[in-house]
Amino acid sequence: MTLRKAVLSAGVVLALAGCGDDTSGPAQPSDPKRNGGLYDAVDVCGLATDDQLKAALGEAPGTKERRDTDSLKACSVDGVSGNFYLFLVLVRPSMGAAQQVAYDKGTAKDPKSIDATTYSSADTGEAHVETASGELVVRVSFVYYQDGGSITDAPAVVGRLHTLLGAITKKT
């Protein structure tokens, strides 16, 4: 084998192994989204349009009410029927967002994985979808008021919540 062939072969082996100085290969994972500062100024009620809320509720949205506490930013959105509401929550956890979602998933009743950082849970009275979005945790819930009714098609409700969650995470 000539020296030229040996160098060329070594270069091919290094490129295939991901070694060397070639930066044209697959992109490295980007740094996680740094959005923790958004938390202090955000109005959770403004993270979704009325059309997005209507799609998630299955009817027009009624009254929106901020429900912020010391540990979370939240918004309650009634459906016009008065039978159920959406609860939108944004949390900046002291642990990492992905770790918080994993913990919450571990305590949820019958959780279902949607992807690595998103899960859902549902029963007859409520459904939830939660995800890590950078440094924040975003949760969207559909909840029937007592004697307001029950969820008869949980996969459809979870699907609507997941769509709303996607729209919200684009803004966070």
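Everything discussed here concerns the structure shown above.
What counts as what
Residues numbered from 1 in each chain as written. Predicted model: local features only at pLDDT ≥ 70, side-chain atom pairs only at ≥ 80, totals over all residues. Heavy atoms only, no water. Helix = DSSP H or I, 4+ residues; strand = E, 2+ residues; numbered from the N terminus. Buried < 20%, exposed > 50% of the residue type's maximum accessible area, 1.4 Å probe, protein only. Contact = heavy atoms within 4.5 Å. Polar contact = N/O pair within 3.5 Å; in protein donor to acceptor, adjacent residues only side chain to side chain. Phe/Tyr/Trp six-rings, centres within 6.5 Å; stacked < 30°, edge-to-face > 60°. Lys NZ or Arg CZ within 6 Å of the ring centre and 35° of its normal. Core = buried A, V, L, I, M, F, W, Y, C linked by side-chain atoms within 4.5 Å.

Chemist: Is there a simple way to think about the environment of threonine 131 in this case?
Modeler: With respect to the element layout, threonine 131 can be found in strand β6 (residues 126-133). Taking the relative accessible area as the measure of exposure, threonine 131 reaches 7% and is therefore buried. In this structure, the C-alpha to C-alpha distance between threonine 131 and alanine 97, residues 34 residues apart in sequence, is 8.3 Å. Setting aside residues no more than four positions away along its own chain, threonine 131 makes contact with Val101, Thr117, Thr118, Leu136, Val137, Val138, Leu165 and Thr169. Only 3.1 Å separates the side chain of threonine 131 from the backbone oxygen of threonine 117, close enough to count as a polar contact. Within the structure, threonine 131 has its side chain in polar contact with the side chain of threonine 118 (distance 2.6 Å).

Chemist: Sorry if this is basic, but what is going on with the packing of aromatic side chains here?
Modeler: Each aromatic ring pair is specified by the distance between its two centres and by the angle formed by the two planes. Applying the stated criterion across every chain yields a total of four aromatic pairs. Between tyrosine 85 and tyrosine 145 the ring centres are 4.9 Å apart and the planes differ by 40°, which places this aromatic pair in the tilted class. In this pair, tyrosine 85 sits in strand β3 (residues 84-91) while tyrosine 145 sits in the loop between β7 (136-144) and α5 (154-171), placing the two residues 60 residues apart along the sequence. Overall, the relative accessible area of 33% leaves tyrosine 145 in the partly exposed class. When the ring of phenylalanine 142 is compared with that of tyrosine 144, the centres are 5.5 Å apart and the planes differ by 80°; the resulting orientation is edge-to-face. By way of ring pairs, the aromatic residues Phe84, Phe142 and Tyr144 are connected into one cluster. Lying across the ring of phenylalanine 142, arginine 160 places its NZ or CZ 5.9 Å from the centre.

Chemist: Help me understand the nonpolar core, please; the structure alone is not making it clear to me.
Modeler: Nonpolar side chains tend toward joint burial in soluble globular proteins. Formed by 29 residues in total, the largest nonpolar core has its most connected members in Leu86, Leu88, Phe142, Leu161, Leu164 and Ile168. Within the residue set of this core, elements represented by two or more residues are α3 (50-57), β2 (73-79), β3, β6, β7 and α5. It is α5 that contributes the most residues to this core, six residues altogether. Judged by nonpolar contacts, the second largest core, of eight residues, contains Ala74, Val89, Val91 and Ala132.

Chemist: Even after reading the chapter, I still don't get the environment of glycine 82, so can you show me in this structure?
Modeler: Among the structural elements, glycine 82 can be located in the loop between β2 and β3. In this structure glycine 82 comes out as partly exposed when scored by relative accessible area, which is 40%. Distance in space between the C-alpha atoms of glycine 82 and proline 61 is 9.8 Å, their sequence separation being 21 residues. The residues contacting glycine 82, other than those within four sequence positions of it, are Glu59 and Tyr145.

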